[in-house]
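# Structural overview
What follows is the residue order along each chain.
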Amino acid sequence: MKAWMGIIILLITVGCVLQEQTLKLATTTSTCDTGLLNELNGVFYEKYRVKVQVVCMGTGASIKTGEQGGVDVVIVHAPSLEEASVAEGYYVNRHYLMYNDFVIIGSEGDPAEIRGMKNAAEAFKKIASTQALFISRGDNSGTHIKELELWKASRIEPKGTWYRSIGKGMGATINAATAEQAYSLADRGTYLAVKDNTNLNILVEGDAVLFNPYHVMAVNPEKHPNVKYELAMQYISFLTSPQAQKIISNYGIEYTLDPNTGERKPGFGEALFIPAAMGKEVRRNE
Amino acid sequence: MLRTENLCKSFEGKVALEEINLEIKKGEIFAVLGPSGAGKTTLLRVLNLLEKPSNGRILFHLPGSEKEKLALRRKMAMVFQEAPLFNRSVYENVAYGLKVRKEREVVIKERVERTLVLVGLSGYESRNAATLSGGERQRVAFAMATIFEPELLFLDEPTANLDPVNEGIIEELILRINRPGVTIVLATHKQAEALALASRIAILNSGRIEQIGTPEEIFYEPKTRFVAEFVGTKNIFEGEVKSKHGNKMLVATKNFDLEVPSNSFNAGEQVCVCIRPEEIMVLREDVPAKTAHRNVLSGEITQIISQGGAMLRLYVQVQEECLVVDVPRHVAKVMNLKIGKKAKLSLKFGSCHVILRDNR
Amino acid sequence: MSSVEFLYEGLARAVEMILTLDPYVISVTKVQLKVTGSAVLLSVLFSIPLAALISFKEFLGKRILIILIDTCMGLPPVVVGLVVFIFFISSGPLGFLNLFYTPAAMVIAQFILATPIITGVTIAALSAVGKPIRDTAISLGATRSDVVWLVIREAKFGILTAMLAGFGRAIAEVGAILIAGGNIVYWGGESYTRTLSTAIVVEADRGDIAAAIAFGIILLAIAFSVNLCLNLLKRRA
């Protein structure tokens with residue numbers, strides 16, 4: 001019996017030790033799947049010896065989890081939701097971190113014939129009118145919210161057998177769209193990151209409404225006294241520092257990192273995100 | 001050793017034991033004899049304090065009291081029907097009673113060895129109990145129950161599922177355990193076993209005690225028809241006391257009159273005359289009609305069944321009554337008794353036992 | 001790729017991952033074993049006395065309680081995850097413990113999942129030890145606690161089965177630990193709260209079916225080894 005007690009005490013102790021100097025970050029699957037955070041968090045650890053624990057979920061869930069005090073800091077991409085939550089006092093120190101853009105992806109065959117269109121809402125209208133299969137994340141993520149905005153702009157209520165909502169992350173959604181050779185809205189970073197596993201192409205890009213900004217913000221310690229506010233602020237200053245911004249501007253050109261293992265993989269020849277915290281775009285390879 | 005007062009036990013309204021009054025004397029083998037379902041097991045369980053009586057009480061002449069059940073219980077033990085054993089080695093099974101008494105390991109080891117010698121299972125210590133034969137299991141159960149030298153031992157049908165050889169071994173073991181003065185209460189449905197082992201027998205029927213007595217009393221002077229039938233009195237004739245003269249009386253049955261020893265019955269009373277098969281003699285045909293034999297009946301042999309051993313069982317039709325008669329094989333041979341032949345029967349006066357006719 | 005090719009590649013990848021001692025795989029496996037091992041161990045320490053208590057005590061509502069426990073054997077893991085979420089998130093009643101998104105929260109989730117099974121099957125195993133065995137012990141002078149010990153020892157195979165069933169439930173489960181643990185892996189591939197079972201989900205979501213199958217094979221291999229060991233133990237006893 002004493003031996004058992006010993007083991008239990010040991011487990012609890014080990015658990016406590018492991019809790020030291022860690023920071024919990026909730027972020028969208030689109031930033032997770034690119035591996036950008038593996039790069040940033042590795043450098044952050046080298047500098048400050050703080051281990052960032054990344055929980056990946058949709059933007060909506062990330063914001064909600066932070067509101068409950070489940071994490072210390074979030075990186076999300078749904079400005080309207082973010083502003084509402086900050087206004088309610090759940091978050092403080094919201095900073096513009098970076099941006100990329102959304103793209104409409106689809107099969108080589110392109111049954112709705114949207115390839116090369118410059119207006120995303122018009123492209124959505126065409127998909128709806130041809131009843132071509134469209135796969136939606138349906139997870140209240142930033143991408144999902146953007147998609148709903150586009151449907152609204154095209155004055156279409158997406159309903160019917162051609163519209164399928166799967167409630168999954170970005171990677172899984174591209175995966176499902178690949179299996180069905182369907183259309184979907186994706187963020188460019190994730191699309192590039194999973195390009196090896198899909199034969200879908202970017203059909204529509206460049207519309208100003210497809211602009212996809214990411215913000216970082218800390219959970220308000222007044223709402224949740226046990227969050228690690230100091231560390232969160234340290235992390236935010238790091239992300240917005242020239243060093244981190246430069247990492248962001250170069251990430252994806254020469255190499256990317258595997259989001260699971262952190263292994264280096266070949267790059268795409270283009271960056272996945274454009275840094276935005278310095279007030280102006282940081283020049284690449286400066 | 002113990003006495004019960006109006007012991008009753010019922011399960012969810014179903015009566016299992018009714019007004020049991022009995023006394024068990026120190027050092028005796030007391031048999032509870034009865035058919036299956038009579039309540040033998042329930043009686044033993046109540047006496048072993050495994051079941052609470054619904055009514056009445058048990059008085060033990062043992063240290064401890066009903067309040068100190070454990071101390072009391074540790075003076076007795078029970079060997080259950082079908083000998084349930086723990087799924088462990090024989091050694092661990094036999095040692096269990098001492099283990100729970102916190103006996104020292106050295107003592108346990110020595111006692112297990114000694115007890116296994118007693119039951120004839122030396123060298124079985126490391127065998128798993130699950131690998132034993134029926135007879136071996138029963139002997140291990142005996143070893144388990146006797147290792148801590150209880151003063152009172154309950155045995156529930158210890159030979160019920162055994163072949164004759166193992167039955168003999170167990171019966172001998174019971175006598176050996178009883179010899180140093182261990183009181184034994186034996187529940188059995190086998191009359192031969194009760195007769196061979198017990199100093200006193202209680203006949204149990206449907207939760208009630210029909211009769212308590214020595215084997216002789218039970219076998220030759222049954223008090224009720226049930227007891228008579230259960231202990232193998234095959235010949236029971238219903239009749240009425242016709243007349244009474246000194247030490248004898250005349251009972252008229254449906255087919256014949258019988259002269260029987262007189263007792264407390266009066267003329268006109270409804271009775272049964274009982275006589276065991278081995279108490280009826282077959283007479284030679286040429287025996288003169290007027291002899292010393294008082295009850296002589298003539299009939300025809302309808303069936304002969306070998307009883308195994310030295311006895312043959314004859315079924316003799318006398319008018320409308322079929323009598324059962326046991327005769328030695330050699331006698332049957334000498335007299336050339338065969339099916340279909342006539343036979344003259346003599347019902348010994350002294351062996352005719354009269355009981356009150358009950359209408360159960 | 002055809003489905004057979006997926007299986008084939010999955011198998012090949014699994015073998016490769018094991019042979020090369022892939023640090024990510026090892027780390028994920030370690031977390032799985034640590035979490036599931038502790039959860040099952042704690043559950044066994046809790047469930048067996050609980051099962052003994054329920055089995056040996058007569059009380060009002062005992063049958064209902066047993067039915068309730070049996071019902072909880074089918075508790076949906078996601079529901080358990082959400083319960084852990086509600087209680088352990090910072091704003092929840094146990095939020096002050098700071099256990100959310102930690103291996104400890106996963107242990108709690110798997111503990112909740114495994115306990116009804118281990119308790120329920122143990123109760124069944126204990127009641128399968130017949131009344132004759134209990135009566136024999138009592139008749140031989142055993143005290144109440146002696147009888148309890150004896151019955152537990154007699155039911156050891158059944159209890160072992162209960163432990164295996166609990167282990168099986170805990171190791172294969174995804175929904176609860178995904179919510180409770182957050183599926184966190186550090187930047188360099190070192191797992192914090194990612195297990196083999198949640199890694200399968202990650203790979204499947206990424207569209208890397210072969211990798212998902214590879215993790216599945218490793219998970220099965222571990223479950224098989226544990227079952228094999230306990231079965232050998234059974235055989236020897």
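Because the structure is predicted, anything quoted here is derived from the model rather than measured.

## A few points about the overall build of chain A
When helices and strands are counted, chain A shows 11 helices and 12 strands. The C-alpha radius of gyration computed for chain A amounts to 20 Å, which stays within 12% of the reference 19 Å derived for 286 residues, consistent with globular compactness. Referenced to the eigenvectors of the C-alpha coordinate spread, the extents of chain A come out at roughly 70 × 50 × 40 Å. Counting over 286 residues, chain A shows a buried share of 49%. Counting only contacts in chain A whose residues sit at least 6 apart along the sequence, the fraction spanning at least 24 positions is 75%.

## As for the overall build of chain C
Within chain C, the secondary structure is distributed over 11 helices and zero strands. Of the regular secondary structure in chain C, the N- to C-terminal order runs α-α-α-α-α-α-α-α-α-α-α. Looking at chain C residue by residue over its 237 residues, the buried ones come to 50%. Restricting to contacts in chain C with at least 6 residues of sequence separation, those with at least 24 account for 77%.

## So, the pairing of strand β19 (residues 342-347) of chain B
Residue and element names in this part refer to chain B. Along β19, the buried face is formed by Ala343, Leu345 and Leu347; none of Lys342, Lys344 and Ser346, which line the opposite face, is buried. With four bridges joining them, strand β15 (residues 280-283) and β19 adopt antiparallel strand pairing. Of the residues in β19, the one forming a bridge with Met281 is Ser346. Bridge analysis of strand β16 (residues 295-306) against β19 gives six bridges, and the strand direction is antiparallel. Each residue of the ladder has a partner; that of Val296, found in β19, is Ser346.

## Side note on the interface of chain B and chain C
Each side of the interface is counted separately: chain B has 18 residues, and chain C has 14 residues. If you list the elements that add at least two residues to the side of chain B that touches chain C, you get α2 (69-73), β6 (76-79), α3 (90-99) and α5 (134-146) of chain B. Partitioned by chemical class, the residues of the side of chain B that touches chain C number 12 nonpolar, three polar and three charged.

## Here we look at the nonpolar core
With 241 residues, the main nonpolar core has Val73(A), Leu186(B), Ala105(C) and Ala109(C) as its most contacted residues. If we skip the residues at most four places from it in the chain, Val73(A) touches Leu23(A), Leu25(A), Val216(A), Ala218(A), Val219(A), Ala232(A), Tyr235(A) and Ile236(A).

## So, the interface of chain A and chain C
One frequently used descriptor of interface size is the decrease in accessible area upon assembly of the parts. In this complex, chain A contributes 31 residues to the contact, which on the side of chain C involves 27 residues. Taken together, the residues of the side of chain A that touches chain C break down into eight nonpolar, 20 polar and three charged.

## A short note on helix α6 (residues 131-139) of chain C
When α6(C) is considered as a whole, its buried residues turn out to be Thr136(C), Ala137(C), Ile138(C) and Ser139(C). Buried positions along α6(C) lie against β6 of chain B together with α7 (144-154) of chain C. Just past α6(C), the residue Gly141(C) takes up positive phi, approximately 100°.

## Things to note about the environment of Leu148(A)
Along the chain, Leu148(A) turns up in helix α7 (residues 142-153). In this structure, the C-alpha to C-alpha distance between Leu148(A) and Pro158(A), residues 10 residues apart in sequence, is 8.7 Å.

## Some points on the sheet that holds β19(B)
Residue and element names in this part refer to chain B. The strand order β15-β19-β16-β17-β18 describes an open sheet built from five strands, whose pairing is antiparallel. Either end of the sheet is taken by a strand with one partner, and the two such strands are β15 and β18 (321-328). Sheet twist, expressed as the average angle between the axes of neighbouring strands with direction ignored, equals 45°.

## Examining the confidence of the model for chain C
Mean pLDDT over chain C: 90, with 99% of residues reaching 70 or higher. The ipTM for the predicted assembly is 0.82, set against a pTM of 0.77.

## Structural notes on the arrangement of the chains
By contact count, the leading pair among the two pairs of chains in contact is chains A and C. Nothing in chain A touches chain B, and the closest approach of their C-alpha atoms is 21 Å.

## Describing unusual backbone geometry
In this structure, Gln131(A) is a non-glycine residue whose phi angle is positive, near 55°. Tracing the chain through its elements places Gln131(A) in the loop between α6 (120-130) and β5 (134-136). Overall, Gln131(A) belongs to the partly exposed group, with 13 C-beta atoms counted inside 10 Å. Positioned with a positive phi, Asn6(B) is a non-glycine residue whose angle comes to about 45°. Along the chain, the position of Asn6(B) falls in strand β1 (residues 2-11).

## Quick notes on the packing of α5(B) against helix α6 (residues 164-178) of chain B
Residue and element names in this part refer to chain B. Closest axis-to-axis distance for the α5/α6 pair is 10 Å, and the angle between their directions is 10°. As judged from the angle between their axes, α5 and α6 are roughly parallel. Taking contact as the criterion, the partners of Gly134, Gly135, Gln138, Phe142 and Thr146 in α5 are, on α6, Asn166, Ile169, Ile170, Leu173 and Ile177. Residues belonging to the contact of α5 with α6 are distributed by class as follows: five nonpolar, five polar and no charged.

## As for the domain arrangement of chain A
Residues and elements named next belong to chain A. Under the domain assignment, chain A is made up of domain 1 (2-99 + 212-275) and domain 2 (101-210). The C-alpha-based centres of domain 1 and domain 2 are spaced at 27 Å. In this assembly, 21 residues from domain 1 lie in contact with 21 residues from domain 2. Only α2 (29-34) and α4 (59-67) provide two or more residues apiece to the side of domain 1 that touches domain 2. A total of four residues in the side of domain 1 that touches domain 2 trace back to one element, the largest contributor, which is α2. Its residues assigned to classes, the side of domain 1 that touches domain 2 comprises eight nonpolar, 12 polar and one charged.

## Quick look at the sheet that holds strand β11 (residues 235-245) of chain B
Residues and elements named next belong to chain B. What the five strands build is an open sheet, ordered β13-β12-β11-β14-β20; its pairing is antiparallel. Two strands lie at the open edges of the sheet, namely β13 (257-261) and β20 (353-356), each paired on one side alone. Neighbour-to-neighbour, the strand axes of the sheet open up by a mean angle of 45°, direction not taken into account. Looking at chain direction, β11 and strand β14 (residues 270-275) are connected through six bridges and run antiparallel. Bridged to Ile236 within β14 is Cys274.

So, how was this worked out
- Throughout this document, residue positions are counted from 1 along each chain, in the order its sequence is written.
- Ligands are numbered from 1 and chains lettered from A, in the order in which they are written.
- Confidence filtering applies because this is a predicted model: local features only for residues at pLDDT of at least 70, side-chain atom pairs given and counted only at 80 or more, and all residues used for totals across whole chains, interfaces and linings.
- Each helix is a run of H or I in the DSSP string that is no shorter than four residues. Each strand is a run of E no shorter than two, and both are numbered from the N terminus.
- With the radius of gyration taken over C-alpha atoms, the globule rule is written as 2.2 Å times the number of residues to the power 0.38.
- Put simply, a residue is buried when 20 or more other C-beta atoms lie within 10 Å of its own C-beta and exposed when 12 or fewer do; between those, it is partly exposed, and each C-beta is set from the backbone.
- Two residues form a contact once the distance between their C-beta atoms, set from the backbone, is within 7 Å.
- Paired strands, as defined in this entry, are two strands with at least two bridges between them according to DSSP.
- Only Asp, Glu, Lys and Arg are considered charged, only Ala, Val, Leu, Ile, Met, Phe, Trp, Tyr, Cys and Pro nonpolar, and every remaining residue, Gly among them, polar.
- Take the buried Ala, Val, Leu, Ile, Met, Phe, Trp, Tyr and Cys residues, join any whose C-beta atoms are within 7 Å, and the set you get is a nonpolar core.
- Interaxial angles span 0 to 180 degrees and are taken between N-to-C directions of axes, which are lines fitted to C-alpha atoms, for helices over the stretch in contact.
- A score from 0 to 100, pLDDT tells how confident the predictor is in each residue.
- Angles below 35 degrees are treated as roughly parallel, those above 145 as roughly antiparallel, those between 65 and 115 as roughly perpendicular, and all remaining angles as oblique.
- Domain start and stop points were drawn from an automatic or database domain assignment.

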